[in-house]
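# Tertiary structure, described
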Amino acid sequence: MKRSSWGFGQIVLLSLHVSLTTAFSDSILQILPENSGSSPHHRHRHRKIPRDDNLYCDSWRFVVEANDVGPWARIPSRCVAFVQDYVTNDRYRADSEAVADASLEFAKTVKVSGNGKDAWVFDIDETLLSNVPYYAVHGFGCGHRSETFDENSFDEWVDLAEAPALPASLRLYKELEQLGFKISLLTGRTEFQRSATSKNLDYAGYSNWERLILRGPSDHGKPATVYKSERRKELEDEGYVIHGSSGDQWSDLNGFAVAERSFKLPNPLYYIA
Ligand SMILES: [Mg+2]
(Lines give C-alpha, C1' and ligand atoms only; values in the text may rest on other atoms or scores of the structure.)
Protein backbone atom coordinates (compact mmCIF):
# COMPACT_ATOMS: atom_id res chain seq x y z
CA MET A 1 0.00 0.00 0.00
CA LYS A 2 1.92 2.94 -1.23
CA ARG A 3 -0.18 5.50 0.60
CA SER A 4 1.07 4.27 3.95
CA SER A 5 4.58 5.37 3.14
CA TRP A 6 3.97 8.87 1.86
CA GLY A 7 6.66 11.28 3.03
CA PHE A 8 6.64 15.04 3.42
CA GLY A 9 7.24 16.84 0.19
CA GLN A 10 10.19 19.21 0.40
CA ILE A 11 10.11 20.88 -2.95
CA VAL A 12 7.95 23.82 -3.79
CA LEU A 13 5.46 22.83 -6.44
CA LEU A 14 5.53 24.24 -9.88
CA SER A 15 3.64 27.45 -10.23
CA LEU A 16 1.52 25.64 -12.81
CA HIS A 17 0.19 23.52 -9.96
CA VAL A 18 -0.82 26.53 -7.94
CA SER A 19 -2.41 28.37 -10.81
CA LEU A 20 -4.35 25.27 -11.83
CA THR A 21 -5.74 24.61 -8.37
CA THR A 22 -6.56 28.25 -7.77
CA ALA A 23 -8.25 28.67 -11.11
CA PHE A 24 -10.18 25.43 -10.95
CA SER A 25 -10.90 24.90 -7.29
CA ASP A 26 -14.55 25.83 -7.79
CA SER A 27 -15.18 23.08 -10.30
CA ILE A 28 -13.65 19.74 -11.04
CA LEU A 29 -15.03 20.11 -14.55
CA GLN A 30 -12.57 22.80 -15.43
CA ILE A 31 -9.24 21.21 -14.74
CA LEU A 32 -8.12 20.28 -18.24
CA PRO A 33 -4.95 22.27 -18.94
CA GLU A 34 -5.88 22.51 -22.58
CA ASN A 35 -9.14 24.14 -21.52
CA SER A 36 -7.64 26.61 -19.12
CA GLY A 37 -7.63 29.44 -21.58
CA SER A 38 -10.62 28.40 -23.58
CA SER A 39 -14.09 29.83 -23.75
CA PRO A 40 -16.96 28.26 -21.79
CA HIS A 41 -18.16 26.88 -25.10
CA HIS A 42 -15.06 24.75 -25.35
CA ARG A 43 -14.81 23.88 -21.68
CA HIS A 44 -17.16 20.92 -21.85
CA ARG A 45 -16.11 19.81 -25.29
CA HIS A 46 -15.33 16.12 -25.47
CA ARG A 47 -12.13 15.04 -27.12
CA LYS A 48 -12.39 13.00 -30.24
CA ILE A 49 -11.97 9.41 -29.09
CA PRO A 50 -12.19 6.72 -31.78
CA ARG A 51 -15.48 4.83 -31.58
CA ASP A 52 -13.77 1.48 -30.92
CA ASP A 53 -11.74 2.93 -28.06
CA ASN A 54 -14.79 4.64 -26.67
CA LEU A 55 -16.76 1.39 -26.59
CA TYR A 56 -13.85 -0.62 -25.21
CA CYS A 57 -13.02 1.92 -22.52
CA ASP A 58 -16.61 2.46 -21.45
CA SER A 59 -16.84 -1.29 -20.84
CA TRP A 60 -13.44 -1.29 -19.13
CA ARG A 61 -14.68 1.43 -16.80
CA PHE A 62 -17.78 -0.63 -16.03
CA VAL A 63 -15.85 -3.77 -15.09
CA VAL A 64 -13.36 -1.94 -12.91
CA GLU A 65 -16.06 0.06 -11.12
CA ALA A 66 -18.04 -3.12 -10.48
CA ASN A 67 -14.82 -4.73 -9.14
CA ASP A 68 -15.22 -7.56 -11.66
CA VAL A 69 -11.56 -7.08 -12.59
CA GLY A 70 -10.28 -6.99 -9.00
CA PRO A 71 -6.90 -5.30 -8.49
CA TRP A 72 -5.59 -3.39 -11.48
CA ALA A 73 -2.42 -1.38 -11.74
CA ARG A 74 -2.87 1.01 -14.60
CA ILE A 75 -5.33 2.42 -17.05
CA PRO A 76 -5.03 0.62 -20.41
CA SER A 77 -3.02 2.93 -22.64
CA ARG A 78 -5.84 3.19 -25.18
CA CYS A 79 -8.13 4.41 -22.36
CA VAL A 80 -6.01 7.19 -20.87
CA ALA A 81 -7.68 9.83 -23.07
CA PHE A 82 -11.08 8.32 -22.29
CA VAL A 83 -10.45 8.52 -18.53
CA GLN A 84 -9.14 12.05 -18.83
CA ASP A 85 -12.27 12.98 -20.71
CA TYR A 86 -14.46 11.21 -18.14
CA VAL A 87 -13.04 12.88 -15.03
CA THR A 88 -12.92 16.34 -16.56
CA ASN A 89 -16.34 16.48 -18.12
CA ASP A 90 -20.00 16.13 -17.29
CA ARG A 91 -20.07 12.33 -17.01
CA TYR A 92 -18.07 12.20 -13.76
CA ARG A 93 -20.16 14.95 -12.24
CA ALA A 94 -23.41 13.28 -13.29
CA ASP A 95 -22.34 9.86 -11.99
CA SER A 96 -21.23 11.40 -8.69
CA GLU A 97 -24.52 13.27 -8.37
CA ALA A 98 -26.43 10.02 -8.98
CA VAL A 99 -24.47 8.30 -6.20
CA ALA A 100 -25.13 11.21 -3.85
CA ASP A 101 -28.85 11.13 -4.71
CA ALA A 102 -29.06 7.39 -3.98
CA SER A 103 -27.14 7.89 -0.72
CA LEU A 104 -29.47 10.65 0.37
CA GLU A 105 -32.55 8.68 -0.56
CA PHE A 106 -31.37 5.92 1.77
CA ALA A 107 -30.29 8.36 4.49
CA LYS A 108 -33.79 9.82 4.64
CA THR A 109 -35.21 6.39 5.47
CA VAL A 110 -32.93 6.04 8.51
CA LYS A 111 -34.55 6.71 11.86
CA VAL A 112 -31.96 8.94 13.44
CA SER A 113 -32.07 8.21 17.16
CA GLY A 114 -30.82 11.55 18.39
CA ASN A 115 -28.34 9.94 20.78
CA GLY A 116 -25.40 11.16 18.72
CA LYS A 117 -24.44 7.67 17.61
CA ASP A 118 -25.93 7.56 14.11
CA ALA A 119 -22.83 7.52 11.96
CA TRP A 120 -21.88 7.98 8.34
CA VAL A 121 -18.32 7.25 7.24
CA PHE A 122 -16.66 9.02 4.35
CA ASP A 123 -13.38 8.30 2.64
CA ILE A 124 -11.48 11.46 1.63
CA ASP A 125 -9.49 11.20 -1.63
CA GLU A 126 -11.73 10.99 -4.70
CA THR A 127 -14.68 10.89 -2.30
CA LEU A 128 -14.83 14.22 -0.46
CA LEU A 129 -11.84 15.79 -2.20
CA SER A 130 -10.78 15.55 -5.82
CA ASN A 131 -7.15 15.08 -6.83
CA VAL A 132 -8.00 15.51 -10.49
CA PRO A 133 -6.03 18.81 -10.63
CA TYR A 134 -2.95 16.79 -9.59
CA TYR A 135 -3.50 14.17 -12.27
CA ALA A 136 -4.14 16.85 -14.85
CA VAL A 137 -0.55 17.98 -14.36
CA HIS A 138 1.10 14.62 -13.70
CA GLY A 139 -0.65 12.47 -16.25
CA PHE A 140 -3.87 10.53 -15.99
CA GLY A 141 -2.10 7.22 -16.48
CA CYS A 142 -0.12 7.42 -13.24
CA GLY A 143 -2.58 5.64 -10.94
CA HIS A 144 -1.33 4.78 -7.46
CA ARG A 145 -0.26 1.24 -8.27
CA SER A 146 1.45 2.07 -11.52
CA GLU A 147 5.21 2.29 -11.77
CA THR A 148 4.95 5.93 -12.83
CA PHE A 149 3.13 7.08 -9.69
CA ASP A 150 5.35 9.58 -7.88
CA GLU A 151 4.73 9.58 -4.12
CA ASN A 152 6.83 12.68 -3.50
CA SER A 153 4.98 14.89 -5.92
CA PHE A 154 1.68 13.58 -4.59
CA ASP A 155 2.75 14.39 -1.01
CA GLU A 156 3.59 17.91 -2.14
CA TRP A 157 0.13 18.17 -3.62
CA VAL A 158 -1.44 16.95 -0.34
CA ASP A 159 0.64 19.51 1.54
CA LEU A 160 -0.73 22.32 -0.61
CA ALA A 161 -4.17 21.54 0.90
CA GLU A 162 -5.96 22.89 -2.15
CA ALA A 163 -7.79 19.86 -3.49
CA PRO A 164 -11.31 20.95 -4.42
CA ALA A 165 -14.44 19.28 -3.09
CA LEU A 166 -16.35 16.84 -5.23
CA PRO A 167 -19.49 18.98 -5.46
CA ALA A 168 -21.93 16.05 -5.14
CA SER A 169 -20.17 14.81 -2.00
CA LEU A 170 -20.14 18.25 -0.42
CA ARG A 171 -23.89 18.48 -0.99
CA LEU A 172 -24.42 15.01 0.50
CA TYR A 173 -22.18 15.79 3.48
CA LYS A 174 -24.17 18.90 4.35
CA GLU A 175 -27.52 17.15 3.92
CA LEU A 176 -26.42 14.27 6.16
CA GLU A 177 -25.34 16.75 8.78
CA GLN A 178 -28.79 18.37 8.62
CA LEU A 179 -30.41 14.96 9.03
CA GLY A 180 -28.47 14.47 12.27
CA PHE A 181 -25.80 11.99 11.21
CA LYS A 182 -22.43 12.08 12.95
CA ILE A 183 -19.83 12.10 10.21
CA SER A 184 -16.48 10.39 10.52
CA LEU A 185 -13.73 10.56 7.94
CA LEU A 186 -11.64 7.45 7.42
CA THR A 187 -8.70 7.92 5.09
CA GLY A 188 -5.65 6.03 3.87
CA ARG A 189 -3.61 9.20 4.38
CA THR A 190 -1.17 8.95 7.25
CA GLU A 191 -1.18 10.68 10.62
CA PHE A 192 1.57 13.11 9.64
CA GLN A 193 -0.78 14.49 7.00
CA ARG A 194 -3.47 15.34 9.57
CA SER A 195 -2.92 19.07 9.60
CA ALA A 196 -2.72 19.45 5.80
CA THR A 197 -5.77 17.22 5.43
CA SER A 198 -7.78 19.13 7.99
CA LYS A 199 -6.77 22.41 6.36
CA ASN A 200 -7.78 21.10 2.93
CA LEU A 201 -11.15 19.91 4.21
CA ASP A 202 -11.83 23.36 5.65
CA TYR A 203 -10.73 24.96 2.40
CA ALA A 204 -13.11 22.73 0.43
CA GLY A 205 -16.05 23.53 2.70
CA TYR A 206 -16.22 20.51 5.02
CA SER A 207 -16.64 21.12 8.73
CA ASN A 208 -17.99 19.67 11.98
CA TRP A 209 -16.85 16.12 11.45
CA GLU A 210 -16.92 13.84 14.45
CA ARG A 211 -13.62 12.03 13.75
CA LEU A 212 -10.78 12.33 11.30
CA ILE A 213 -9.13 8.91 11.25
CA LEU A 214 -5.75 8.49 9.54
CA ARG A 215 -3.28 5.63 9.36
CA GLY A 216 -1.12 5.49 12.47
CA PRO A 217 2.24 3.71 12.87
CA SER A 218 0.50 0.42 13.76
CA ASP A 219 -1.40 0.54 10.46
CA HIS A 220 1.74 0.55 8.37
CA GLY A 221 1.58 -2.08 5.65
CA LYS A 222 -1.99 -3.10 6.36
CA PRO A 223 -4.23 -3.56 3.35
CA ALA A 224 -6.79 -0.75 3.19
CA THR A 225 -9.67 -3.16 3.71
CA VAL A 226 -8.18 -4.41 7.00
CA TYR A 227 -7.20 -0.97 8.28
CA LYS A 228 -10.57 0.54 7.46
CA SER A 229 -12.54 -2.41 8.82
CA GLU A 230 -10.62 -2.26 12.12
CA ARG A 231 -11.32 1.43 12.50
CA ARG A 232 -15.01 0.99 11.71
CA LYS A 233 -15.11 -1.76 14.31
CA GLU A 234 -13.67 0.66 16.86
CA LEU A 235 -16.46 3.10 16.07
CA GLU A 236 -19.02 0.35 16.51
CA ASP A 237 -17.43 -0.68 19.80
CA GLU A 238 -17.92 2.90 20.96
CA GLY A 239 -21.62 2.54 20.28
CA TYR A 240 -21.85 4.12 16.85
CA VAL A 241 -24.24 2.59 14.37
CA ILE A 242 -22.72 2.98 10.91
CA HIS A 243 -25.71 3.49 8.68
CA GLY A 244 -23.87 4.57 5.56
CA SER A 245 -20.41 4.60 4.11
CA SER A 246 -19.14 6.41 1.02
CA GLY A 247 -15.92 5.66 -0.83
CA ASP A 248 -14.37 5.52 -4.28
CA GLN A 249 -12.61 2.20 -3.58
CA TRP A 250 -14.13 -1.15 -2.70
CA SER A 251 -11.50 -1.33 0.06
CA ASP A 252 -13.28 1.67 1.65
CA LEU A 253 -16.47 -0.34 1.90
CA ASN A 254 -15.74 -4.08 2.15
CA GLY A 255 -14.37 -6.18 5.00
CA PHE A 256 -16.01 -6.31 8.43
CA ALA A 257 -17.97 -3.80 10.49
CA VAL A 258 -19.40 -2.68 7.17
CA ALA A 259 -22.09 -0.03 7.01
CA GLU A 260 -25.73 -0.91 6.63
CA ARG A 261 -25.46 0.55 3.13
CA SER A 262 -22.29 1.26 1.19
CA PHE A 263 -22.04 3.73 -1.67
CA LYS A 264 -19.32 3.38 -4.29
CA LEU A 265 -18.26 6.56 -6.02
CA PRO A 266 -16.68 6.42 -9.46
CA ASN A 267 -12.91 6.30 -9.77
CA PRO A 268 -11.33 5.06 -12.99
CA LEU A 269 -7.98 6.68 -12.08
CA TYR A 270 -6.51 4.10 -9.69
CA TYR A 271 -7.23 1.03 -7.57
CA ILE A 272 -6.31 0.58 -3.90
CA ALA A 273 -6.45 -2.93 -2.47
MG1 LIG B 1 -10.43 7.40 -1.85
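Residues numbered from 1 in each chain as written. Predicted model: local features only at pLDDT ≥ 70, side-chain atom pairs only at ≥ 80, totals over all residues.

The name recorded for the chain in an unreviewed UniProt entry is Acid phosphatase 1 isoform X1, from Coffea arabica. Here is the UniProt Sequence similarities (unreviewed entry) comment for the chain, exactly as written: "Belongs to the APS1/VSP family." (UniProt positions renumbered as here; feature names shortened; annotations may be inferred.)

### Brief notes about the confidence of the model for the chain
Here the chain averages 86 in pLDDT, while 81% of its residues score no lower than 70. In this model, residues 1-44 is a region of pLDDT below 50 whose contacts with residues beyond four sequence positions or in other chains number 72 contacts. (pLDDT = per-residue confidence, 0-100. Contact = placed C-beta atoms within 7 Å.)

### Considerations on the pairing of strand 4 (residues 241-247)
Counting buried residues in strand 4 gives six out of seven residues, a clear majority hidden from the surface. Here strand 1 (residues 118-122) pairs with strand 4 via five bridges, running parallel. If you follow Phe-122 over to strand 4, its bridge partner there is Ser-246. Here strand 4 pairs with strand 5 (residues 261-264) via four bridges, running parallel. Directly across from Ser-245, in strand 5, lies its bridge partner Ser-262. (Buried ≥ 20, exposed ≤ 12 C-beta atoms within 10 Å, placed from the backbone. Helix = DSSP H or I, 4+ residues; strand = E, 2+ residues; numbered from the N terminus. Pairing = 2+ DSSP bridges.)

### Some words on helix 4 (residues 80-87)
A large share of helix 4 lies buried, amounting to six of its eight residues. Listing the buried residues of helix 4 in full gives Phe-82, Val-83, Gln-84, Asp-85, Tyr-86 and Val-87. Against helix 3 (51-65), helix 5 (90-107) and helix 6 (132-138) lie the buried residues of helix 4.

### Thoughts on the nonpolar core
Generally speaking, nonpolar side chains in soluble globular proteins are found buried as a group. Grouped together as the largest cluster of nonpolar side chains are 30 residues, with contacts concentrated most on Ala-119, Trp-120, Phe-122, Leu-128, Tyr-173 and Leu-176. Where this core is concerned, the elements lending two or more residues are helix 5, strand 1, helix 8 (167-179), strand 2 (182-190) and helix 9 (194-204). Beyond its immediate stretch of four places on either side in the chain, Leu-176 contacts Ala-107, Trp-120, Phe-181 and Ile-183. By size, the runner-up hydrophobic cluster in this structure holds 26 residues, among which are Ile-75, Tyr-92, Tyr-134 and Phe-140. (Core = buried A, V, L, I, M, F, W, Y, C linked by C-beta atoms within 7 Å.)

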